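# Structural description and commentary
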Amino acid sequence: MAGNLTEPVIYVQEPPKPSETTQDIFLRLSADYGAITREIAYAIGEAESNFRNVENTRGRKYGIGVFQFTEQTFSEQCEGSVDNAEDNISCALKLIDKDEFYRWDASKDKWFPKL
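Note that this is a predicted model, so its numbers are computed, not measured.

## Quick notes on the overall build of the chain
- Counting its secondary structure elements, the chain contains five helices and zero strands.
- Counting the 115 residues in the chain, one finds 35% classified as buried.
- Considering only intrachain contacts with a sequence separation of at least 6, the fraction spanning at least 24 residues in the chain is 49%.

Below you can see the structure in the form of structure tokens.
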């Protein structure tokens, strides 16, 4: 096969239907939050996965979903399924709204400058 080959993306659930992308889900869910929460959450979601509902390239134990939660963090702090994009985004918004954006310190160099 000619052309550039890229590493395959492993989706943790079916990719969103074209009618509602993960960014659309984010916009719908974030409407209930203030501008600062939305801005921080958008920057983090973009830095963590570019709004793709995927596993971390190093495997599930390093992050799952749009906001790259570990299973332990998600089970302790969130409701639903870490693999579900809507649950993943909803939890991130809840945590960021409580000023818990320190949970994404590992990628802060990528998202903080966008604020």
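## Section: the packing of aromatic side chains
- All told, the structure shown has nine aromatic pairs when counted by the stated rule.
- Considering the side-chain rings of F69 and F74, the 5.6 Å spacing of their centres and the 70° angle between planes classify their relative orientation as edge-to-face.
- Its relative accessible area of 3% is what places F69 among the buried residues.
- An aromatic cluster is built from F26, Y42, F51, F67, F69, F74 and W104, whose rings are joined through pairwise contacts.
- Taking the ring centre of Y62 as reference, the NZ or CZ of R58 above it sits at 4.0 Å.

## Considerations on the nonpolar core
- Membership of the largest hydrophobic core comes to 24 residues, with the highest contact counts inside it found for F26, I44, F67, F69, I89, I96 and W104.
- Broken down by secondary-structure element, the contributors of at least two residues to this core are helix 1 (22–30), helix 2 (35–49) and helix 4 (85–97).
- Looking at this core, the element that brings in the most residues is helix 4, giving seven residues.

## Re the packing of helix 2 against helix 4
- Relative orientation of the contacting elements helix 2 and helix 4 amounts to 125°, with a least axis distance of 9 Å. Between helix 2 and helix 4, the crossing angle belongs to the class labelled oblique. Crossing handedness for the pair helix 2 and helix 4: right-handed. The residues of helix 4 that touch helix 2, namely those facing T37, I40, A41 and I44, are L93, I96 and D97.
- By residue class, the composition of the contact of helix 2 with helix 4 is five nonpolar, one polar and one charged.

## Some details on the environment of D97
- The topology assignment puts D97 in helix 4.
- On a C-alpha basis, the gap between D97 and T37 in space is 5.5 Å, while along the polypeptide they are 60 residues apart.
- Excluding residues within four positions of it along the chain, D97 makes contact with Y33 and T37.

## Re the environment of V66
- Secondary-structure assignment places V66 in the loop between helix 2 and helix 3 (71–77).
- Judged by its relative accessible area of 0%, V66 falls in the buried class.
- For the pair V66 and D87, spaced 21 residues apart in sequence, the C-alpha to C-alpha distance is 9.8 Å.
- Once residues within four sequence positions are removed from consideration, V66 is found in contact with T22, G45, E48, S49, F51, R52, N53, A85, N88 and I89.

## A word on the pattern of salt bridges
- A full pass over the atoms with the stated rule returns nine salt bridges.
- Between R60 and D83 there is a salt bridge; the shortest N-O distance is 3.1 Å. Of the two residues, R60 is situated in the loop between helix 2 and helix 3 and D83 in the loop between helix 3 and helix 4; the sequence distance between them amounts to 23 residues.
- For D83, a relative accessible area of 19% translates into the label buried.

Quick notes on the rules
- Numbers given for residues are sequential positions, taken from 1 along each chain in its written order.
- The predicted origin of the model limits local features to residues at a pLDDT of at least 70 and limits the giving and counting of side-chain atom pairs to 80 or more, whereas totals for whole chains, interfaces and linings rest on all residues.
- With hydrogens and water stripped out, all remaining heavy atoms of the structure feed into the side-chain values.
- Secondary structure elements are defined from DSSP: runs of H or I of at least 4 residues count as helices, runs of E of at least 2 residues count as strands, and each element is numbered from the N terminus.
- Think of it in three bands: with a 1.4 Å probe and only protein chains considered, a residue is buried below 20% of the maximum accessible area for its type, exposed above 50%, and partly exposed in between.
- Note on contacts: a residue pair is in contact if any heavy atoms of the two residues lie within 4.5 Å.
- Classification of ring pairs uses Phe, Tyr and Trp, with its six-membered ring standing for Trp, and accepts pairs whose centres are within 6.5 Å; under 30 degrees between planes counts as stacked, over 60 as edge-to-face, and the remaining range as tilted.
- Whether a charge sits over a ring comes down to the Lys NZ or Arg CZ being within 6 Å of the ring centre and within 35 degrees of the ring normal.
- For this analysis, a nonpolar core means a set of buried residues of the types Ala, Val, Leu, Ile, Met, Phe, Trp, Tyr and Cys, connected via side-chain atoms within 4.5 Å.
- To get an axis, fit a line to the C-alpha atoms, keeping to the stretch in contact for a helix; angles then go from 0 to 180 degrees between the N-to-C directions.
- Angular relationships are summarised with four words: roughly parallel below 35 degrees, roughly antiparallel beyond 145, roughly perpendicular across 65 to 115, and oblique for the angles in between.
- By definition, any crossing whose near helix is turned counterclockwise from its far helix by less than a right angle is left-handed, and any crossing with a clockwise turn is right-handed.
- For this classification, the nonpolar set comprises Ala, Val, Leu, Ile, Met, Phe, Trp, Tyr, Cys and Pro, the charged set comprises Asp, Glu, Lys and Arg, and every other residue, Gly included, is treated as polar.
- The term salt bridge refers to a side-chain nitrogen of Lys or Arg lying within 4 Å of a carboxyl oxygen of Asp or Glu.

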